Amino acid sequence: MTRKVLRERCLTAVVLGLLALAVAALPTQAEEAGAWTLESALKQLDKSSKDFRTAVADVELAVIDGAGTEPGTASGKVYFSRDGSSRFDLTAPDAKTLLCTGSDLYVYEPAKAIVERFPVNKYAERLEPYTSLGFSLTGKALSRDYLVGLLGEATVDGQKTLHLELTPKSDEVRAKVSKIQIWIEQRSWMPIQQTVFHTDAAQSVTVKYLNASRNVPVDDKTFKPKWPKGTKTVKR
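Only a predicted model underlies this, so the values are computations on that prediction, with no experimental measurement involved. (Residues numbered from 1 in each chain as written. Predicted model: local features only at pLDDT ≥ 70, side-chain atom pairs only at ≥ 80, totals over all residues. Heavy atoms only, no water.)

1. A short note on the sheet that holds strand β10 (residues 159-168)
Defined as follows: One requirement defines pairing of two strands: DSSP has to find at least two bridges between them. The numbering of helices and of strands both runs from the N terminus, where a helix is a DSSP run of H or I of at least 4 residues and a strand a run of E of at least 2. Structural elements are reduced to axes, namely lines fitted to C-alpha atoms, with helices fitted over the stretch in contact, and the angle between N-to-C directions of any two is expressed from 0 to 180 degrees. Whether two residues are in contact is decided by their heavy atoms, any of which lying within 4.5 Å being enough.
On the basis of which strands lie adjacent, the open sheet formed by 12 strands has the order β9-β10-β11-β12-β13-β3-β4-β5-β6-β7-β8-β14 and mixed pairing. If you trace the sheet from one side to the other, it starts and ends with β9 (146-156) and β14 (232-235), each paired once. On average, adjacent strands in this sheet sit at an angle of 20° to one another, irrespective of strand direction. Lying over the sheet, helix α2 (residues 38-49) contacts β9, β10 and β11 (177-185), oriented at roughly 90° with respect to β9.

As structure tokens, this is what we get:
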């Protein structure tokens, strides 16, 4: 597996012990209601990705169990770069940083002064279901790894979206994740919500992006694995 593919498959979030990781955004005029097809939607993703450099957004994550309750939530800010690097700075309920550099995923807990390092190639099968979360994937990449379905238009938090459903092609991945759903805001062409449905745990993980901005200045140091002095690194 090449480094480029590993970057595409980089996980960008861990929610309550679950390793969790995209649609590039270029403002476009939405097609008229009912005019979207799966082919035109995937082509628009490819077109939009050509201009993508960075993205920054507030993020809310929630785990929903089989009974429909939320056993856990988290919130903070997320950063993405064109090369596949990403960083989640979670602030609630506890401070935690999740950094993916393309070759490694780092989980830093300041309260414990510990950072865990997960090699992406070692955990590739586990990370793959989350490749569709974020802002840096194309329609071609989605079609390569998933059976993609267009579920139509939907209104999410007052915003008109296109609703896509992804079914993993890999039997190994499908044994862990049955499907992934993505809601793409039609005015800005940015993802505003994504849900991963776990096969064996009877639960789902939902990621909401709020106040998202594309191609804004982001310091390169944001994606460097630099931690405070005295932090212990644990390799997994």
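2. Regarding the side chain of Thr161
Relative to the helices and strands, Thr161 is located in strand β10. Excluding anything up to four places from it in sequence, Thr161 contacts Gly152, Glu153, Ala154, Val156, Trp183, Ile184, Glu185, Gln186 and Ile192.

3. So, the confidence of the model for the chain
The criterion, for reference: pLDDT is a per-residue confidence score from the predictor, ranging from 0 to 100.
Of all residues in the chain, 78% have pLDDT values of 70 or greater, and the mean over the chain is 79. By mean pLDDT, strand β2 (residues 18-20) is the weakest element of the chain at 32, and β14 is the strongest at 94. Low pLDDT, under 50, characterises residues 1-33; the stretch is placed with 127 contacts to residues that sit more than four places away or in other chains.

4. Let's talk about the pairing of strand β13 (residues 204-214)
Across 9 bridges, the pairing between strand β3 (residues 54-64) and β13 is antiparallel. Counterpart to Glu60 in the pairing with β13 is Lys208. Bridge count between strand β12 (residues 190-198) and β13: 5 bridges; the pairing is antiparallel. What sits directly across from Val196, in β13, is Val205.

5. Side note on the packing of aromatic side chains
Keep this limit in mind: To pair, rings of Phe, Tyr and Trp, with the six-membered ring standing in for Trp, must have centres within 6.5 Å; the planes then decide the type, stacked if under 30 degrees apart, edge-to-face if over 60, and tilted in the middle. Buried, partly exposed and exposed residues are distinguished by accessible area as a fraction of the type maximum, computed with a 1.4 Å probe on protein chains only: under 20%, between the cut-offs, and over 50%, respectively.
With the rule as written, the count across this model stands at 4 aromatic pairs. Residues Phe80 and Tyr209 carry aromatic rings whose centres are separated by 6.4 Å and whose planes lie at 70° to one another, so their mutual orientation is edge-to-face. Highlighted residues: Phe80 in strand β4 (residues 72-81) and Tyr209 in strand β13, separated in sequence by 129 residues. A single burial state applies to Phe80 and to Tyr209, both of which are buried.

6. Quick notes on α2
What counts is decided by this rule: By this rule the span expected of a helix is its residue count minus one, scaled by 1.5 Å.
In this model, α2 (12 residues) spans 17 Å end to end at C-alpha, consistent with the 16 Å of a helix rising 1.5 Å per residue. Listing the buried residues of α2 in full gives Ser40, Ala41, Leu42, Gln44, Leu45, Asp46, Ser48 and Ser49. The inward-facing, buried residues of α2 abut α4 (139-145), β9, β10 and β11.

7. A look at the nonpolar core
Under the convention used in this document: In plain words, nonpolar cores are sets of buried Ala, Val, Leu, Ile, Met, Phe, Trp, Tyr and Cys residues tied together by side-chain atoms within 4.5 Å.
If you look at the biggest cluster of nonpolar residues, it comprises 19 residues, and the most contacted ones within it are Val59, Leu61, Val78, Phe80, Phe88, Leu90 and Tyr209. Elements with a minimum of two residues in this core: β3, β4, β5 (86-92), β6 (96-100), β7 (104-109) and β13. Of all the elements, β3 adds the most residues to this core, at 4 residues. Among the nonpolar cores identified, the runner-up in size contains 16 residues, and Tyr146, Val148, Ile182 and Ile184 belong to it.

8. Some details on the environment of Lys176
Topologically, Lys176 is positioned in the loop between α5 (171-174) and β11. Residue classification places Lys176 among the partly exposed positions, given a relative accessible area of 33%. For the pair formed by Lys176 and Thr199, sequence separation is 23 residues and the distance between their alpha carbons is 5.2 Å.

9. Looking at the pattern of salt bridges
Operational definition: Salt bridge criterion: a side-chain nitrogen from Lys or Arg within 4 Å of a carboxyl oxygen from Asp or Glu.
On inspection of all chains with the given rule, the structure shows 12 salt bridges. Between Lys77 and Asp58 there is a salt bridge, with its nearest N and O atoms 2.9 Å apart. Of this pair, Lys77 sits in strand β4 while Asp58 sits in strand β3, placing them 19 residues apart in sequence. Asp58 sits in the partly exposed class, given a relative accessible area of 24%. Where Asp145 meets Arg144, a salt bridge forms, and the shortest distance between an N and an O atom there is 3.0 Å. Taking the relative accessible area as the measure of exposure, Asp145 reaches 9% and is therefore buried.

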